[in-house]
Amino acid sequence: MVIGGGHNGLTAAAYLARAGAKVVVLERRPFVGGACITEEPWPGFRINTYAYLAGMLSGQVIEELGLARHGYRTIPHDPEGFVPFPDGRSLSFWADTARTQKEIAQFSRHDAEAYPRYLRHWAEILKLLEPILGGNPPSLRELAERFRGPEYERLLRDLVLRSAEDFLSEWFESEELKAALGFSACVGAFTSPRRPGTAYVLVHNSVTQLGGRAGAWGFVVGGMGRTTEALARAAQAFGAEIRTGVGVRSLQVQGGRVTGVETADGRRIESRVVASGVDIKRTLLALAPPDTVPKEVLRQLRGFKTYATTLKFNAALRRLPKFTAKPEVPGPHHQASVTIGPSLDYLDRAYAMAAVGHLSDPPFAEILFQSAADPSVAPPGHHTMTCSVKYAPRELVGTSWADHRAAAAELVLSTLEEYAPDIREVVEQAQLVTPEDIETILGMTGGSCFHGDLTPDQMFSLRPFPGASDYRLPIPGLYLCGSSAHPGGGVTGVPGRNAAQVMLADLHQTPGSGPR
Amino acid sequence: MLNTGAGLPPPVSSHDVIVIGGGHNGLVAAAYLGKAGAQVLVLERRPIVGGAAVTEEPWPGYRINTFSYVTGLLRPQIVEDLQLGSYGYETILYDPQSFVPFPNGTSLSLWNDTERTQKEIAKFSKKDAAIYPKYEEYWDNVLDLVEPLLLAPPVPLQELVGMFEGPQAEELVRELFLLSAWDFLDEWFESDEVKISFATNAVIGEMCGPRTPGTAYVLAHHNIGVLDGQRKVWGFSKGGMGRISEALAAAARHYGVEIRTGVGVRRILVQNGKAVGVETAAGEQFHAKAIASNLDVKRTLLELAPPDAVPPEVRRQVERFRTRGAALKFNAALNDLPEFTAAPGRPGPHHKGAIELAPSMEYLEKAFDDAKYGNFSTHPFLDIEFQSASDPSMAPPGKHVMTCFVMYAPRDLSGTTWSKFKPTAGERCLDTIAEYAPDIRKQVTRWQVVSPEDIENTLGMSGGNIFQGDITPDQIFSYRPLLGWANYRTPVPGLYFCGSTAHPGGGVTGAPGYNGAHAILEDLPALKKG
């Protein structure tokens, strides 16, 4: 049984069913997908309400589950990134390195020359880490033994103990370039690129591939929801049963083992093995009976950080907005990830403000106009815009999200206005998804869309806590198959795939007597 | 003597080892080298030895620990090996270890006795009081692990991590290297008052806030103190911090070490790629088989070593070694001890220990936020001692001294300079103290502000950083001061580190001096052969 039909839950279910297990997925909402869905809040406008960009989904998962057969298709975007600056300049990142170098040269010749070397260095790091991120997490000791010698010692320091700014400053001098690259250090963790540990966040957000090209990001044709629809179809094709509208109230534990669940309407469903696609806090603090979780684990859960605070501002547009830094409409930059975050200082200040309980002002944001690349998501001539805005703390000091919605929306618009002055004219309809909404609608603790921050203290064998990183939770028969487990958040499918393999190993090891 | 013209001018004298800088670590290194039979010369730029561990008399009769102000970290083995007791080093263990007053008139004291501290903590949280002995035990276990690593060259981090196995060990790595003090303390305690009482040790001297990842390690660093056989404690050096350096200098002289004060070093002499001596500010030259630098890595390799002796890649690394000043000292002469609202009466036991003015975790983090952008904290954190309350030798009869370690004070101020800003900074310190001890202005007769700029200029510490380099996890063990040069040797053969810039870092520990001396002793036979 899998609790929660998010993309990882569906991935786990598909792998389990594919290996011949009898699988049922219970999803509380009327449809599957979790945070990876596309909705139509306004007729004809298909909006990626939460997750918004493809690239992290494991190539193995796509292939092994045959997702293409079930309608999963992607469009890479080029340029991949577009960063406008307040002085009217901008920086675009193209698939073609030489073209990107030309862009960088506007800011620094030195950096333009260093860029291809940086990309090579980065590719080497990813080659080293990808197998680790794809598989079960090794223990710190295994890691230490695998990576001996001064070269790795430096890498360990740079990626785990230092900040993204330190890392980038080794390579580049231009503040603009550092900000453009350092932006991803703030995605997935509540931190600033000046804080130690953020170089690792950069790595996590770089393990992507799209259409066979490593490091590429893009759109899912028709919206992110197509990913989970394909996963659900694949799971069903392998024989998994998916029940929507069935919330789980609690886990049933008997003789120290998980035996099934009780649903919100009081029914009991039995299962030899239960995989939770829900975050670790919800799994062990809300669903597990209180006396079944060891005290020491409760202490560790208290320390597990679920900040990663994002606000979504989604809109239906009359037309694409005009950016001061690139007046062309439509331009290639409309297909890119447009990031508002012109300096590391800007990002750091945004963090500092949120750290004391305020919505960052000004905030930084990642904006996508999927319709510019994929017209199927908007009525003819119209467009969609999704903005991922940070940082929005789950709890606001001196106000509540209910009271702060209008002010927050206004802040987003006025921030965008600095770079695209016609933004108010082009917005037809808009919706705001607060961290509180993410928590209550999706059930993600703290509104953390990564099921827990992706900082070094919460990765590899430390995720979700030492002793549980192999997807087995302290209650026998209970497994974790969501983003709270290694390698963490993002639409990767990896926690689901890894957890399924661990469950299958346990199911096979002790036939008849049940898993560990 | 004739100058042959081709080589260097003839040396004034020749030794086995020259120690540049007579700070406490330089003196420790010199003493151990002398003890092993080496001919050692210590050159100190200032008229007194001790570096940051000095006691001065800015006002007649008032003995002030100008910079470093409490003892506890000095390794017991060094005290014993060098018999510092017989040279006048004596300590006064203080109790309470800290007294934290809160604006609402309550306070929390951390006593040397666990049960007594539990009672204090129980005022704020019974749960926290119950867990406190476990917290103490946790640090005892950490100490067991860390202590053997101090008087030895650092092991690579991988090796260190490789020593640990199992979830409990992984937990320790997570806590000590990756967590912020805030997160770490959150996992232990629920009361903010309790958390802040422990948190100040996690940021002291560092340009880091309690939320900065890695500060849990800084907490560990300040928990390695041993005094009178008791662990994790601090105390005073009787007569002032300078007594430590004086005792070390006496011990060194006993072993035949020559110490010259008022002799600054202008440059390190390098011949055929090897360090062979030094040239003083006055132009004198001294030759030696090995040079031990008690100065920080930046000053040593970027200023004293000839530019062509240091490979460009190493230079770049040195430049990026963080030496951010974070604190100023506010020292004063007092008529009498001030009276604290939260603990009326004078002298109270709290006057004899450390007093921490930082009433909440958020207060501390906000103080750091100010400094990040180049401002002296609007509401600074002060660590205050009245040594005269337990050691009357520090002040004229009936009078008192006060030293305050004040954070956060960035080395470079935005929009002003330290020389202009010092009076404002001093007034702000007084205002802050007055919130807890309203009569402070009545008691203070004289005061001085020692800014990060003063620390840099007077002591030669880059950036005014009191540790000769931040002791964050990316700059400790085999990363300190440089990856590949953490064993006290430098890219210039014959040149060694023996100061806080090397493992295990800052504080009056003596450990870098001890380790540096042993690295030199290992190499000396080969160096003597040439």
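Parameters and conventions
Residues numbered from 1 in each chain as written. Chains lettered and ligands numbered in written order. Predicted model: local features only at pLDDT ≥ 70, side-chain atom pairs only at ≥ 80, totals over all residues. Heavy atoms only, no water. Contact = heavy atoms within 4.5 Å. Buried area = accessible area lost by both parts, 1.4 Å probe. Salt bridge = Lys/Arg side-chain N within 4 Å of Asp/Glu carboxyl O. Helix = DSSP H or I, 4+ residues; strand = E, 2+ residues; numbered from the N terminus. Nonpolar A, V, L, I, M, F, W, Y, C, P; charged D, E, K, R; others polar. Buried < 20%, exposed > 50% of the residue type's maximum accessible area, 1.4 Å probe, protein only. Polar contact = N/O pair within 3.5 Å; in protein donor to acceptor, adjacent residues only side chain to side chain. Axes fitted to C-alpha atoms, helices over the stretch in contact; angles between N-to-C directions. Parallel < 35°, antiparallel > 145°, perpendicular 65-115°, else oblique. Left-handed = near helix turned anticlockwise from the far one by under 90°. Pairing = 2+ DSSP bridges. Expected span 1.5 Å × (residues − 1). Bend = angle between axes of the 7 residues up to and from the residue. Core = buried A, V, L, I, M, F, W, Y, C linked by side-chain atoms within 4.5 Å. Phe/Tyr/Trp six-rings, centres within 6.5 Å; stacked < 30°, edge-to-face > 60°. Lys NZ or Arg CZ within 6 Å of the ring centre and 35° of its normal. pLDDT = per-residue confidence, 0-100. 1 Å grid on protein atoms, 1.4 Å probe; cavity = no way out; pocket = protein on both sides within 12 Å on 5 of 7 lines; lining within 4 Å. Points joined across faces, edges and corners; volume = space filled by probe spheres on them.

Across the contact, 43 residues belong to chain B and 40 residues belong to chain A. Overall, the association of chain B and chain A removes approximately 3,800 Å² of surface from exposure, summing both partners, and the carbon and sulfur fraction of that is 49%. Considering only the side of chain B, the residues that lose the most area to chain A are Q158, E170 and R320 of chain B, jointly responsible for 19% of the buried surface there. Between chain B and chain A we count 10 salt bridges in total. Counting residues per element, the ones that place at least two in the side of chain B that touches chain A are α5 (157-162), α6 (167-178), α7 (181-188), α12 (312-320) and α13 (361-372) of chain B. Considering every element that reaches the side of chain B that touches chain A, the biggest residue donor is α6 of chain B, with 8 residues. Class assignment of the residues belonging to the side of chain B that touches chain A gives a composition of 17 nonpolar, 6 polar and 20 charged.

Turning our eyes to something else, we now look at the pattern of salt bridges. All names here are of chain A. Taken as a whole and judged by the stated rule, the model has 70 salt bridges over all chains. In this structure, the salt-bridge partner of R249 is E262, at a minimum N-O distance of 2.6 Å. Within this pair, whereas R249 is found in strand β12 (residues 248-254), its partner E262 is found in strand β13 (residues 257-263), the two being separated by 13 residues in sequence. Of the residues examined, R249 reaches a relative accessible area of 44% and is grouped as partly exposed.

What follows deals with the environment of D113 of chain B. All names here are of chain B. With respect to the helices and strands, the residue D113 is situated in the loop between β7 (107-110) and α3 (114-122). For D113, a relative accessible area of 41% translates into the label partly exposed. For the pair D113 and R45, spaced 68 residues apart in the sequence, the C-alpha separation amounts to 43 Å. Only 3.0 Å separates the side chain of D113 from the backbone nitrogen of R116, close enough to count as a polar contact.

Here we come to the packing of helix α1 (residues 24-35) of chain B against helix α17 (residues 511-529) of chain B. Residues and elements named next belong to chain B. Packing of α1 against α17 brings their axes to within 7 Å, and their N-to-C directions diverge by 40°. On the basis of their axis angle, the class for α1 and α17 is oblique. The two elements α1 and α17 cross, and the hand of that crossing is right-handed. Where α1 abuts α17, its residues N25, V28, A29, Y32 and L33 lie against A511, P512, G513, Y514, A517, H518, I520 and L521.

Before going further, it helps to examine the sheet that holds strand β1 (residues 2-3) of chain A. Residues and elements named next belong to chain A. Taken in spatial order, the 5 strands line up as β11-β2-β1-β15-β21 in an open sheet, and their pairing is parallel. Each having just a single partner strand, β11 (241-244) and β21 (478-480) make up the two edges of the open sheet. Pairing of β1 with strand β2 (residues 24-27) involves 2 bridges; the strand directions are parallel. Bridge pairing links V2 to V25 in β2.

A word on helix α4 (residues 126-150) of chain B. All names here are of chain B. The end-to-end C-alpha distance of α4, which contains 25 residues, comes to 36 Å, matching closely the 36 Å that a straight helix rising 1.5 Å per residue would cover. The largest bend along α4 reaches roughly 40° and is located at Y132, with the proline P133 sitting one to four residues downstream. Inspection of α4 places D128, A129, Y132, Y135, E136, Y138, W139, V142, L143, V146, L149 and L150 among the buried residues, and these make up the whole buried set. With a side-chain oxygen lying 3.3 Å from the backbone nitrogen of K127, the N-terminal cap of α4 falls on S125.

The biggest cluster of nonpolar side chains holds 113 residues, and the ones touching the most others in it are L159 and F167 of chain A together with Y135, F177, F184 and Y408 of chain B. The contacts of F167 of chain A, once residues within four sequence positions are left out, are Y118, H121, W122, I125, D158, L159, A199 and L202 of chain A.

A separate point is the packing of aromatic side chains. Per the counting criterion, the structure on display carries 44 aromatic pairs over all chains. An angle of 50° between the planes, with centres 4.8 Å apart, marks the rings of Y135 of chain B and F198 of chain B as tilted. Taken as a pair, Y135 of chain B in helix α4 and F198 of chain B in helix α8 (residues 192-199) lie far apart in primary sequence, 63 residues in all. A single burial state applies to Y135 of chain B and to F198 of chain B, both of which are buried. An aromatic cluster of three or more residues is present, and its members are Y132, Y135, Y138, W139, F184, W188, F189 and F198 of chain B. One cation-aromatic arrangement involves R99 of chain A over W94 of chain A; the distance from NZ or CZ to the ring centre is 3.3 Å.

Residues and elements named next belong to chain A. Of the two faces of strand β6 (residues 81-84), both are covered, the one formed by G81 and V83 as well as the one formed by F82 and P84. Here β6 runs beside strand β7 (residues 90-93); their pairing, made up of 4 bridges, is antiparallel. Of the residues in β7, the one forming a bridge with G81 is F93. Counted between consecutive antiparallel strands, the loop separating β6 from β7 contains 5 residues, among which G88 sits at a positive phi close to 95°. The pairing of β6 with strand β17 (residues 337-340) spans 2 bridges and is classified as parallel. Within β17, the position partnered with G81 by the bridge is S337.

Bringing the confidence of the model for chain B into the picture now. Residues and elements named next belong to chain B. On average, residues of chain B score 94 in pLDDT, and 98% of them are at 70 or above. Note on residues 1-6: pLDDT is under 50 here. Beyond four places in sequence and across chains, it has 6 contacts. At the level of chain-chain contacts, confidence expressed as ipTM amounts to 0.86, with global pTM at 0.91.

All names here are of chain B. Strand order in the open sheet made by the 7 strands is β7-β6-β16-β17-β18-β15-β19, with mixed pairing throughout. Only two strands of the sheet have a single partner each, and these edge strands are β7 and β19 (444-450). Averaged over all pairs of adjacent strands, the angle between strand axes in this sheet comes to 20°, irrespective of strand direction. Most of the contacts of α8 go to β7, to which it runs at about 45°, and overall it touches β6 (98-101) and β7.

Another point: empty space enclosed by the protein. Per the stated rule, a full pass over the model turns up 10 cavities of 30 Å³ or more. A volume near 460 Å³ is recorded for the largest cavity. Forming the walls of the largest cavity are 23 residues, and the residues nearest its centre are L143, L156, V160, M459 and F460 of chain A. If you list the elements that add at least two residues to the lining of the largest cavity, you get α4 (109-134), α5 (140-146) and α6 (150-161) of chain A together with α5 and α6 of chain B. Ranked by residue count, the leading element in the lining of the largest cavity is α6 of chain A, at 6 residues.

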